[in-house]
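Inside the fold
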Amino acid sequence: MSSARPSTPASPKNYKVKAAQQGQPMYGCEHLQKLFNQDQVTTNTSIHHYKMILRTIFDQTPVVSQTVKVVDTQQVVTTLTPTYLCLQCPSTVTEEDRIKHGNKKSHRFYVDSRSAALYCQMCDDMVYDPTFEELRLKKLGTSTFSNTRKRKQDELFSPDPVKDSPAYISQNTTTATCKANGLRGIYNAGATCYQNVVLQSFLHNPILRNYYLSDGHSGCDTPHCLSCAMDDMFQDFYAVENTNGYTAANILSGFWISERKAFENLVTTKEQDAHEFFQFLAEELHERNGDGKKPEIGSEHSCNCIIHQTFYGKLQTQTTCQNCQGVTNQVQSFLDLSLPLENLTQKKGGKKLLGGKGTMTLQECLDEEYVKLDKCEYRCNGCNSTQQARRQTSIKRLPNVLSIQLKRFEYKQGRHERAAKIDTPVQFPLQLNMLPYTTVGRSGDTKDSYELARQCTYDLLSVVVHVGEIDTGHYVSYCRVGDQWFAFNDHKVEVAQKSDVLNAKAYLLFYIVRSLT
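Residues numbered from 1 in each chain as written. Predicted model: local features only at pLDDT ≥ 70, side-chain atom pairs only at ≥ 80, totals over all residues. Heavy atoms only, no water.

Along its length, the protein carries 18 helices and 23 strands. Within the structure as shown, the protein displays about 26,300 Å² of accessible surface, and the carbon and sulfur contribution to it stands at 47%. (Helix = DSSP H or I, 4+ residues; strand = E, 2+ residues; numbered from the N terminus. Areas by Shrake-Rupley, 256 points an atom, 1.4 Å probe, with all protein chains shown as cover.)

For the pair helix α8 (residues 193–203) and helix α10 (residues 226–239), interaxial distance at closest approach is 11 Å and the crossing angle is 70°. Here α10 runs roughly perpendicular to α8, going by the angle between their axes. Together, L199, Q200, F202 and L203 of α8 and M230, M233, F234, F237 and Y238 of α10 make up the contact between the two elements. Partitioned by chemical class, the residues of the contact of α8 with α10 number eight nonpolar, one polar and no charged. (Axes fitted to C-alpha atoms, helices over the stretch in contact; angles between N-to-C directions. Parallel < 35°, antiparallel > 145°, perpendicular 65-115°, else oblique. Contact = heavy atoms within 4.5 Å. Nonpolar A, V, L, I, M, F, W, Y, C, P; charged D, E, K, R; others polar.)

With that settled, the discussion passes to the pattern of salt bridges. Applying the stated rule across the entire model yields eight salt bridges. One salt bridge connects K139 with D59, and the closest N-O pair in it is separated by 2.9 Å. Taken as a pair, K139 in helix α5 (residues 130–142) and D59 in helix α2 (residues 40–59) lie far apart in primary sequence, 80 residues in all. K372 is the salt-bridge partner of E368, the closest N and O atoms lying 2.6 Å from each other. The exposure class of K372 is partly exposed, given its relative accessible area of 43%. (Salt bridge = Lys/Arg side-chain N within 4 Å of Asp/Glu carboxyl O. Buried < 20%, exposed > 50% of the residue type's maximum accessible area, 1.4 Å probe, protein only.)

Of the two faces of strand β5 (residues 109–112), the one lined by F109 and V111 and the one lined by Y110 and D112 are each fully buried. As consecutive antiparallel partners, β5 and strand β6 (residues 118–120) are separated by five residues, and within that stretch A116 has a phi angle of approximately 65°, a positive value. (Pairing = 2+ DSSP bridges.)

Structurally, E276 can be placed in helix α12 (residues 274–289). When its relative accessible area of 32% is taken as the criterion, E276 is described as partly exposed. Each C-alpha atom of the pair E276 and Y194 lies 9.3 Å from the other, and the pair is 82 residues apart in sequence.

Across the sheet, five strands lie side by side as β4-β3-β5-β6-β7; this open sheet has antiparallel pairing. Looking at the sheet topology across the chains shown, the edges are occupied by β4 (92–93) and β7 (125–127). In this sheet, β4 lies alongside strand β3 (residues 84–86) in antiparallel orientation, the contact comprising two bridges. Note that in β4 the partner of L85 across the bridge is T92.

With that settled, consider the nonpolar core. Most often, soluble globular proteins keep nonpolar side chains buried together rather than apart. Of all hydrophobic cores here, the largest spans 87 residues; its most connected members are L362, M434, L509 and Y511. Looking at this core element by element, the count peaks at eight residues for strand β23 (residues 506–513). Leave out the neighbours within four places in its chain, and L362 touches L339, I404, L406, V426, Q427, F428, P429, L432, L509 and Y511. Residues C29, F36, I57 and C120 belong to the second largest nonpolar core, which totals 19 residues. (Core = buried A, V, L, I, M, F, W, Y, C linked by side-chain atoms within 4.5 Å.)

So, about the side chain of H107. Relative to the assigned elements, H107 resides in the loop between α4 (98–105) and β5. Residue classification places H107 among the buried residues on the basis of a relative accessible area of 14%. Residues within four places of H107 in sequence aside, it is in contact with C86, Q88, C89, H101, G102 and Q121.

Spatial ordering of the open sheet is given by β9-β8-β13-β12, a layout of four strands whose pairing is antiparallel. Every interior strand has two partners, whereas the edge strands, β9 (327–334) and β12 (374–380), have only one. In this sheet, adjacent strand axes meet at a mean angle of 35° when their direction is disregarded. Here strand β8 (residues 313–321) pairs with β9 via eight bridges, running antiparallel. In the strand pairing of β9, T320 is matched with V327.

Here we take up the confidence of the model for the protein. On average, residues of the protein score 80 in pLDDT, and 77% of them are at 70 or above. The low-confidence segment residues 148–157 (pLDDT under 50) makes 13 contacts with residues lying over four places distant or belonging to another chain. In the model, residues 350–356 has pLDDT below 50 throughout and makes 14 contacts with residues more than four positions away in sequence or in other chains. (pLDDT = per-residue confidence, 0-100.)

Two elements in contact, α10 and α12, have axes separated by 8 Å at closest approach and are oriented at 105°. Accordingly, the angle class assigned to the pair α10 and α12 is roughly perpendicular. Where α10 abuts α12, its residues L226, S227 and M230 lie against F280, L281, E284, L285, R288 and N289.

Looking now at helix α15 (residues 362–370). Of the residues making up α15, those classed as buried are L362, C365, L366, E368 and Y370. End-on view of α15: buried residues confined to an arc of 165°, all on one side of the axis. (Arc of directions from axis to C-beta.)

Here we come to unusual backbone geometry. The general pattern is negative phi for most residues beyond glycine and trans for most peptide bonds. Positive phi is not limited to glycine here, since S106 has a value of about 60°. As for its position among the elements, S106 is in the loop between α4 and β5. Residue classification places S106 among the partly exposed positions, given a relative accessible area of 48%. Positive phi is not limited to glycine here, since D215 has a value of about 60°. Here D215 lies in the loop between α9 (206–213) and α10.

Moving on, we get to the packing of aromatic side chains. Summed over the entire model, instances satisfying the criterion amount to 16 aromatic pairs. Arranged with centres 5.0 Å apart and planes meeting at 85°, the rings of Y211 and Y212 form a pair that is edge-to-face. Y212 matches Y211 in its accessibility class, with the two residues each being buried. With centroids separated by 5.4 Å and ring planes inclined at 75°, the aromatic side chains of F278 and F510 adopt a geometry described as edge-to-face. Highlighted residues: F278 in helix α12 and F510 in strand β23, separated in sequence by 232 residues. (Phe/Tyr/Trp six-rings, centres within 6.5 Å; stacked < 30°, edge-to-face > 60°.)

In structure tokens, the structure reads:
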């Protein structure tokens, strides 16, 4: 990403490095000391750049400092984790690309996009420097670097018994408008509730929101482009002062005119499957923003588009021959995890599928698919014959947003093919630990257990619910905005309690990895 920071100061004013005080270092580290001691121009440039970076972080929209250009692919992406603004050039890099940029440019100093703290690559740590810290505190306290409005550090951070009281805060705080959090309903255009619930889950997905609000999809001239329609929708929900319901006309026309014949059933006015629409929408957005290749079922597909960054993970299926003990590993990409309910429902006491009162947990459903071993037959290359084998599937790479389908609709084969809905309640948590279902978790090689747990801990983001019968039902959804839950029923939006969410008979679940929130 390029910014407005110039390569030289805009004025010939010389900056003075803050004098040392007792108990404080004169420089943040010996490497910064060498930088300041080169010459006056270098000192001026460094301090001027730091001021410009502070303005970028605190004066502009947070999306600016969170948007980076990946070093290897040169692709512009928006990340929810802290980025690093180079002190020596107008570049913003991720933590992973920081070393690559430093080695390529010999730039060793960076500024954290959240706190504006200074990072030294050679120290591999945040360093405290009196000169930069004074500028940072001035910016935090007064939004300016002028000494005429300077506030002392102790004044800036000292508690105020009056202004810190709950009564004072409540009397002097206004609720953010709906444009700040996207709280709008979507009108039903004729049995389109299955689309509305998926669109709401996309709208309240912070990764997708940051991507579209930072012009991640721009310069497109494709007619009836669904990604352009999504961009328009995000702008209307988050940038327009409007609390009325939204008509997703551009979205509807985008896939009605789509040349993808596989989704012709979605253009009818009959009630459709929200899971099918989610898959269609995700794949279409991948094709518009990625490499244009449709992900093949059962294969490994890698792409740096926003959809792959958000939803895609990788599964590993390990097959062990019971004759020669030979092991075969197959890796394939996945957009979501589909968890069957019928067999587990029958195991839980033989309850009837329709209207049964048996209950199960999401973890039990995951155990069935990604912990337990299956018996199978396969063609063993080592034995050169068909052999009995044991097969186990685990998650090789978790996505940033984990999508889970609870398969409530089962089609019965027979003389008269019919569909049945499984109404068995499935208890799901607000926080989900996915470590037991990963390849690393299954192997037991968890040396850095704390870091692994952090990377595998997910928080519930949204829930899609199907209510009613299979042919005449209706879709509603719950989405989390901050710590508050809301219920979305087409154009109606209501505040929801956590108990409402957790007691719902979920059909689709969306979890976001905690390290991104």
